[in-house]
Amino acid sequence: MSPVELDFDSCYRAASARDARFDGRFYTAVTTTRIYCRPICPARTPASRNVRFYRHAASAEAAGFRPCKRCRPELSPGDPGWDVRGDLVGRALRLIDDGAADDSGVGGLARRLHITERHLHRLFVAELGVGPLAVARTKRLLLAKQLLTETALPVTDVAFAAGFGSVRQFNATMRETYGFTPSELRATARGAREVGGTAGMRLRLHRREPYDVGSIFSFLASRAIPGLEVASPASYSRSVPGGTITLTPVDGYIALDVLVDDTRQLARIVARARRLLDLDADPEAISEALSLTSLAPLVAARPGLRVPGTFDGFEIAVRAVVGQQISVAGARTLLGRIVARVGHRSETPSPAVPLLADAASEEAPHKRELPVVNLLEPTGPQPDGGLIYLFPTAAELAEADLSGIGLTNRRVATLRELAQRVADGEIDLDGGQEPGHAVAELLKVPGIGPWTASYVALRALRDPDAWPHGDLVLKQRMAALGIPDDHIERWRPWRAYAALHLWSS
């Protein structure tokens, strides 16, 4: 199989310099060793005649190369090019990361994207040189390799956590692809982390530097829903089906602690945690583009600022609707009541964790009547709370009784209509629909206007160019900085990051 076309000279220079900016953008395969590496691999740079370059790890493995044990390709941050693409291949790759192919096969993945399986395969081969099945298999193998190396999870649990149907299939696939069995890899791994219980584990989620840890964790802390999340500027925890997760910033990466009763959801947890913290963004490209505009002083003040994502797209849409015209403190209270009434109790509640929050900012800053404050910095304490509930599904919320919890009748009607359309599949907020189509469908819901739809696009649909239309705070910040409205167009295609810089200025 021929490698997908890349500029050979540029890739070779980047690999020779071990340039971290290219980590995750391509992989270096060495024909003499049959091993593929990250561009930052500390091993001696091979002669150019012995090198091939591939855009995706699956392409390298399909060509017969196995991953380097030294630089560990499974730790690469995601390719920022795929992270921001809203086309079919970009959405399909994110859905594969989310476990869609493991749950329903490639046929189910194609149906989710409303295309045929044959057309999906054709698109993947044209872009990556391999089909979606090969990409899904490589994702499983690399996750399994990370679990075997970094955790003490039994091999049987690793097999199911990575998405394999049986231990026998796992052993055979790893031996066929990598040349060693899971047990042989585990025997050579150093420092596997012992954790309490067979389902508890810690994984490293690598990121691109610079990364503004304080801003994104403070943003999440100020909006943490009581009973569902607990957070501070230094950590974030939430309930997930069958357990809990905690994200903690560490030098060079984010530590993901997972405690679940079913490890088969681990791939989905990892993918959604990465999206929540915007770990696959390219801060150099974003800063370079915005630094050439009127935002240059703000970019210099907050290098590595990220756009907070979400663990669940429907959840963000509900947050945006509930947060219209009220403060974040008020929105958190109402969301906590919704979760307590409609959400299921978590199967593994955790002890309370201290929570810092911003009591003066809000989910919908464009409707604010409060004094202007920094949306990303905590200004007061939130009540302590535990991880007690799961956020309700769209089907559950569509049938729920939301009377008597402080919501207006109009807001209840909007939430029910939104939930019903998501439950019926008309709106897909987790990657299946093209972002523009999803926004158009959101705008058909009575009570959802351009600001709300844009906010959902910014956080849930991962649209880097989403701009919260009509946001009063953005207008105030731009006026205070002397930035005219026509500069908004100059910030394309990174207007979502421009909005975060203005909100945090």
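Residues numbered from 1 in each chain as written. Predicted model: local features only at pLDDT ≥ 70, side-chain atom pairs only at ≥ 80, totals over all residues. Heavy atoms only, no water.

### Points about the overall build of the protein chain
From N to C terminus, the protein chain includes 22 helices and eleven strands. Evaluated residue by residue, the protein chain yields a buried proportion of 57% over its 505 residues. Expressed as a percentage of contacts within the protein chain between residues at least 6 apart in sequence, the contacts between residues at least 24 apart total 72%. Total accessible area computed for the protein chain in this model is approximately 20,000 Å², and 52% of it derives from carbon and sulfur atoms. (Helix = DSSP H or I, 4+ residues; strand = E, 2+ residues; numbered from the N terminus. Buried < 20%, exposed > 50% of the residue type's maximum accessible area, 1.4 Å probe, protein only. Contact = heavy atoms within 4.5 Å. Areas by Shrake-Rupley, 256 points an atom, 1.4 Å probe, with all protein chains shown as cover.)

### A closer look at the sheet that holds strand 2 (residues 35-37)
What the four strands build is an open sheet, ordered 3-1-2-4; its pairing is mixed. Of all the strands in the sheet, just strand 3 (51-54) and strand 4 (66-67) have a single pairing partner and so form its edges. Across the sheet, helix 1 (residues 8-17) touches strand 1 (27-30) and strand 3, and the angle it forms with strand 3 is around 100 degrees. (Pairing = 2+ DSSP bridges. Axes fitted to C-alpha atoms, helices over the stretch in contact; angles between N-to-C directions.)

### Focus: the packing of helix 5 (residues 100-112) against helix 7 (residues 132-150)
Helix 7 packs onto helix 5 with a crossing angle of 165 degrees between their chain directions and a minimal axis gap of 10 Å. One way to sum up the angle between helix 5 and helix 7 is to call them roughly antiparallel. Between helix 5 and helix 7 lies a crossing whose hand is right-handed. On helix 7, the residues touching Ala 101, Asp 102, Val 106 and Leu 109 of helix 5 are Pro 132, Leu 133, Ala 136, Lys 139 and Arg 140. Counted by class, the contact of helix 5 with helix 7 contains six nonpolar, no polar and three charged residues. (Parallel < 35°, antiparallel > 145°, perpendicular 65-115°, else oblique. Left-handed = near helix turned anticlockwise from the far one by under 90°. Nonpolar A, V, L, I, M, F, W, Y, C, P; charged D, E, K, R; others polar.)

### Quick word on the packing of helix 15 (residues 313-322) against helix 20 (residues 450-459)
Look at helix 15 against helix 20: their axes get within 9 Å of each other, and the N-to-C directions meet at 145 degrees. Handedness of the crossing formed by helix 15 with helix 20: right-handed. On helix 20, the residues that touch Ile 316, Ala 317, Ala 320 and Val 321 of helix 15 are Thr 452, Tyr 455, Val 456 and Arg 459. In the contact of helix 15 with helix 20, the residues fall into six nonpolar, one polar and one charged.

### Details of the packing of aromatic side chains
Enumeration according to the criterion identifies twelve aromatic pairs in this entry. On the numbers, 5.1 Å between centres and 65 degrees between planes, the contact of Phe 8 with Phe 53 is edge-to-face. Taken together, the residues span a long stretch of sequence, with Phe 8 in helix 1 and Phe 53 in strand 3 at a distance of 45 residues. When the centroid spacing of 6.0 Å and the interplanar angle of 55 degrees are considered together, the rings of Tyr 54 and Phe 65 count as tilted. Residue Tyr 54 is located in strand 3, and its partner Phe 65 is located in the loop between helix 2 (57-62) and strand 4; the two are separated by eleven residues in the primary sequence. On the basis of relative accessible area, Phe 65 is assigned to the buried category, the value being 2%. Linked through ring pairs, Phe 8, Tyr 12, Phe 22, Phe 26 and Phe 53 together constitute an aromatic cluster. Over the ring of Tyr 253 we find Arg 204; its NZ or CZ atom is 5.7 Å from the centre of that ring. Above the face of the Phe 219 ring, Arg 223 is positioned so that its terminal group lies 3.9 Å from the ring centre. (Phe/Tyr/Trp six-rings, centres within 6.5 Å; stacked < 30°, edge-to-face > 60°. Lys NZ or Arg CZ within 6 Å of the ring centre and 35° of its normal.)

### Section: the pattern of salt bridges
Following the criterion strictly, the structure yields 31 salt bridges and no others. Note that Arg 238 and Glu 315 form a salt bridge whose closest N and O atoms lie 2.8 Å from each other. One end of the pair, Arg 238, is in strand 7 (residues 235-240); the other, Glu 315, is in helix 15, and 77 residues separate them in sequence. Per residue, the accessibility class of Arg 238 equals that of Glu 315, and both read buried. Note that Arg 492 is salt-bridged to Glu 489, the shortest N-O span being 2.8 Å. In this structure Glu 489 comes out as partly exposed when scored by relative accessible area, which is 47%. Taken together, the shared-partner salt bridges in this structure form one network comprising Arg 72, Glu 74, Lys 145, Glu 150 and Arg 204. (Salt bridge = Lys/Arg side-chain N within 4 Å of Asp/Glu carboxyl O.)

### Here's the deal with helix 20
Of all the ten residues making up helix 20, nine are buried; the element is thus mostly covered by neighbouring parts of the structure. Those residues of helix 20 not exposed but buried are Trp 451, Thr 452, Ala 453, Ser 454, Tyr 455, Val 456, Ala 457, Leu 458 and Arg 459. Tucked into the core, helix 20 has its buried residues touching helix 11 (213-222), helix 15, helix 19 (435-442) and helix 22 (495-503).

### Some thoughts on the pairing of strand 6 (residues 229-232)
When a strand is regular, its side chains alternate between the sheet's two faces. Residues of strand 6 alternate between two faces, with Glu 229 and Ala 231 on one and Val 230 and Ser 232 on the opposite face, all of them buried. As paired strands, strand 6 and strand 7 are joined by four bridges and run antiparallel to one another. Looking at the pairing, Ser 232 lines up with Ser 235 of strand 7. Hairpin connection from strand 6 to strand 7: two residues lie between these consecutive antiparallel strands.

### Looking at the pairing of strand 8 (residues 243-250)
Across five bridges, the pairing between strand 7 and strand 8 is antiparallel. Its bridge partner being in strand 8, Arg 238 is matched across the sheet by Ile 245. The turn joining strand 7 and strand 8, which pair antiparallel and follow one another in sequence, is formed by two residues; a positive phi near 80 degrees is taken by Gly 242. Bridge count between strand 8 and strand 9 (residues 253-260): eight bridges; the pairing is antiparallel. Its bridge partner being in strand 9, Gly 243 is matched across the sheet by Val 260. Hairpin geometry of strand 8 and strand 9 is characterised by an intervening segment of two residues between the two adjacent antiparallel strands and by a positive phi of about 90 degrees at Gly 252.

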